[in-house]
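Coordinate analysis (summary)
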Amino acid sequence: MSARLLLRVARPTPSALRIPPVLRRLQSTDGKDAASASKKSFRGQLYDSTARRVQAERAKVEQRLHVGNETGARQTGASSATLGGVVGTVFIALAFYYLGSQSAPHMPITSTTPLSTLSPPSHNTSKANLEAAWTDFVTLLGEEHVATTPEELTRHSSSDWSSFHNTSYQPFLVLYPSSTAEVSAIAKICHERRIPMTAFSGGTSLEGHFAATRGGVCIDFSRMDKVLALHKGDLDVVVQPAVGWEQLNEDLAKDGLFFPPDPGPGAMIGGMVGTGCSGTNAARYGTMREWVLSLTVVLADGTIIKTRQRPRKSSAGYDLTRLFIGSEGTLGLVTEATLKLAVKPQCENVAVSSFPSIKHAAEVVAQVIASGVPLAAIELLDDVQMHCINESGTTSRAWKVAPTLFFKFSGTPAGVKEQISQVRAVATKNSASSFEFASSDAERHELWSARKEALWSVMALKRNDEDKVWTTDVAVPISVLPVIIEETKADITASGLLGAIVGHVGDGNFHAIIMFGKEEQRVAEGVVERMVKRAVEMEGTVTGEHGVGLVKRDYLPMELGKETVDAMRRIKTALDPLCLLNCDKG
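Residues numbered from 1 in each chain as written. Predicted model: local features only at pLDDT ≥ 70, side-chain atom pairs only at ≥ 80, totals over all residues. Heavy atoms only, no water.

Here we take up the packing of helix H12 (residues 358-371) against helix H14 (residues 413-429). Contact geometry of H12 with H14 gives a least axis separation of 9 Å together with a crossing angle of 145°. Taken as a pair, H12 and H14 cross one another with a handedness that is right-handed. Mapping the contact onto sequence places Val364, Gln367 and Val368 in H12 and Val423, Val426, Ala427 and Lys429 in H14. Class assignment of the residues belonging to the contact of H12 with H14 gives a composition of 5 nonpolar, 1 polar and 1 charged. (Axes fitted to C-alpha atoms, helices over the stretch in contact; angles between N-to-C directions. Helix = DSSP H or I, 4+ residues; strand = E, 2+ residues; numbered from the N terminus. Left-handed = near helix turned anticlockwise from the far one by under 90°. Contact = heavy atoms within 4.5 Å. Nonpolar A, V, L, I, M, F, W, Y, C, P; charged D, E, K, R; others polar.)

Let us now look at the pattern of salt bridges. Per the stated rule, a full pass over the model turns up 30 salt bridges. Sharing partners across several salt bridges, the network here consists of Lys344, Glu348, Asp441 and Arg444. (Salt bridge = Lys/Arg side-chain N within 4 Å of Asp/Glu carboxyl O.)

Strand pairs in the sheet, formed through backbone hydrogen bonds, run parallel or antiparallel to each other. Spatially, S15-S12-S14-S13-S17-S18-S16 is the arrangement adopted by the 7 strands of the open sheet, whose pairing is antiparallel. With one partner strand each, in any of the chains shown, strand S15 (434-437) and strand S16 (468-475) form the two edges of the open sheet. Neighbouring strand axes in the sheet, compared pairwise and without regard to direction, differ in orientation by 15° on average. Where strand S12 (residues 347-354) and strand S14 (residues 404-411) come together, 8 bridges link them in antiparallel fashion. From the neighbouring strand, Val352 faces S14, where its bridge partner is Phe406. Across the sheet, helix H17 (residues 481-495) lies against strand S13 (377-381), S16, strand S17 (498-504) and strand S18 (509-516), angled at about 5° from S18, the strand it touches most. (Pairing = 2+ DSSP bridges.)

This part is about helix H13 (residues 383-392). Among the residues of H13, those classed as buried are Gln385, Met386, Cys388 and Ile389. What you see down the axis of H13 is that its buried residues fit within an arc of 155°, all on one side. At its buried positions, H13 is contacted by S13, S14, helix H15 (441-452), helix H16 (454-459), S17 and S18. Just downstream of H13, Gly393 is the residue with a positive phi angle, here 70°. (Buried < 20%, exposed > 50% of the residue type's maximum accessible area, 1.4 Å probe, protein only. Arc of directions from axis to C-beta.)

In this structure, the second largest pocket spans a volume of roughly 720 Å³. If you go around the second largest pocket, you meet 25 residues; those closest to its centre are Trp245, Asn249, Lys408, Arg444 and His445. Elements represented by at least two residues in the lining of the second largest pocket include exactly helix H8 (245-253), S12, S14 and H15. In the lining of the second largest pocket, the residues fall into 12 nonpolar, 5 polar and 8 charged. (1 Å grid on protein atoms, 1.4 Å probe; cavity = no way out; pocket = protein on both sides within 12 Å on 5 of 7 lines; lining within 4 Å. Points joined across faces, edges and corners; volume = space filled by probe spheres on them.)

A word on the sheet that holds strand S8 (residues 292-298). The strand order S5-S6-S10-S8-S9 describes an open sheet built from 5 strands, whose pairing is antiparallel. Each edge of the open sheet is held by one strand with a lone partner, namely strand S5 (227-231) and strand S9 (304-306). For this sheet, the mean inter-axis angle between neighbouring strands, taken without regard to orientation, is 10°. The sheet strands contacting helix H7 (residues 180-193) are S8, S9 and strand S10 (333-340), and the helix crosses S8 at an angle near 45°.

Here we take up unusual backbone geometry. The phi torsion at Arg194 lies on the positive side, around 60°, for a residue other than glycine. One non-glycine residue, Glu539, lies in the positive phi region at around 65°. Its location among the elements puts Glu539 in the loop between helix H18 (521-537) and helix H19 (556-560). With a relative accessible area of 74%, Glu539 lands in the exposed category.

A word on the packing of H12 against H17. Packed helices, taken two at a time, are described by the angle between their axes plus the distance between the axes. In contact at an axis separation of 10 Å, H12 and H17 are set at 160° when each is read in the N-to-C sense. Our classification of the angle between H12 and H17 gives roughly antiparallel. Crossing handedness for the pair H12 and H17: right-handed. Residues Ile358, Lys359 and Ala362 of H12 touch H17, and the partners they reach there are Pro482, Ile485, Glu486 and Lys489. Taken together, the residues of the contact of H12 with H17 break down into 4 nonpolar, no polar and 3 charged. (Parallel < 35°, antiparallel > 145°, perpendicular 65-115°, else oblique.)

This part covers empty space enclosed by the protein. Vacant regions in the atomic arrangement are exposed by a probe of water-molecule size rolled over the atoms. Scanning the entire structure with this criterion turns up 4 cavities of 30 Å³ or more. The space that makes up the largest cavity amounts to roughly 890 Å³. At the level of secondary structure, the elements contributing two or more residues to the lining of the largest cavity comprise strand S3 (197-200), helix H9 (269-275), S10, H15, H16, S17 and S18. Looking at the lining of the largest cavity, the element that brings in the most residues is H9, giving 6 residues.

Turning our attention to H7. Here H7 spans 20 Å end to end across 14 residues, near enough to the 20 Å set by a 1.5 Å rise per residue. Along H7, the residues classified as buried are Thr180, Glu182, Val183, Ser184, Ile186, Ala187, Ile189 and Cys190. Following H7 by one or two positions, Arg194 adopts a phi angle in the positive range, close to 60°. (Expected span 1.5 Å × (residues − 1).)

Turning our attention to the pairing of S5. Sheet topology note: the S5/strand S6 (residues 236-239) ladder contains 4 bridges and is antiparallel. Each bridged residue has a counterpart across the sheet, and for Ala229 the counterpart in S6 is Val238. Counted between consecutive antiparallel strands, the loop separating S5 from S6 contains 4 residues, among which Leu235 sits at a positive phi close to 55°.

Shown next as structure tokens:
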């Protein structure tokens, strides 16, 4: 029962206060004057007094009822207003929740991200936005470290040795930071303004890795070229991304140490991490993935992370270090790397041996590996490659024009001597036409120089300025390496193009270096595509060490399957949802 109803029951109403007839008659008596009243009897005076008291009481009751009615009305109005306010607030909250749920992106519930489910990146590369960003970058770095000249833009778009011959993609400007903090600040500006970013260190990559397909800015790390810390006792070193592996090894040699990965001349640590490179030492020492302990990375929004500490092993959390190795600048910008080091061998030597065919050379490789000889490297150069080296004059000596194996030995002096003896016996058994090894450090460098000059020697034979060089690589299980090399070599010969074969035969990886003119580009594309398909059919990979870039991107589903590529895309969208970092790669 409500309070108002209770009040109405508890209070006497005017009708309930009925005056007895006798009293009403007494009340109606006018009592015209005190004299007449005084003449009334005692009983009459008592009735008059009682009537007056009843009348006064009735007036008080009516006054209380009137006040109570007003109070109840006010309480009812206040209650109604309060209830209305609550209802209104709830309605507004529900309305905003609905609108928010409609405008906010729904979190995906699938484990992969098919390309068909993504919208194109929404970047702002308008002239006004880029010019405003230029002011921000100049304030941050100084005008001398923000480049917009045509020469710099072209240099940061492609190279003569790249397989992706870029003629249209260029950044709007090039930035030269000097620290992790500056890189982070650059990323924050680009993230806020929705400007794409492309990383650049040595510029020696081969598959179109740093082509600025969406314009934006190129971040050149050349000012970040310092060795930050060397821990001799722990066999590790902390470096910035523009440290070159060759200079690093020269410095480390003073302390009897070295960094094993050895890609092409001019490569720098940042790019080596990005492509997950290797080199001639991979047969014994492995790839870049085995020699990076930790990375400092700037993410797309400017967040700075360190993937782990410096111990040689760790099972703490996800292996983010290896996630970024080989990601080609699509997940983050590497600003520092902690690298493992090896002790420089007591003794090193090199031997060179020529054979009548690639098949004979491949047999030697298989038998040497099966015998357990711990070689540092085994490299194969075919007869065309040896011809190019001779014709270009890039080395100080002439070479036999035949398929040639280059062996690198390391260990104790006695151990190296024994390795050379064992390998020479296997080579002789397989029809080697020559076998020579170095007798001094100078001769050792001379013999190995032919291997390192392979690419440059082919480029030196260009017929005119319009000729291009396509350098590509695949890797297969070692047992089928001779088959794919012979089939690819036959395909190149049938095409009529000049093409050389260079192989890291100790780990099943080989390169084709193909020269072609403008009118021959479709022919070269056919040779490369068939080479890649052969590798995949032999359970190999479309790239052993060059990386994916733009050239090998469309072959990934062929090797890995659409679902695997979709899973990779989910990782990309998680770390870079605006697709600002090295767009269109991988």
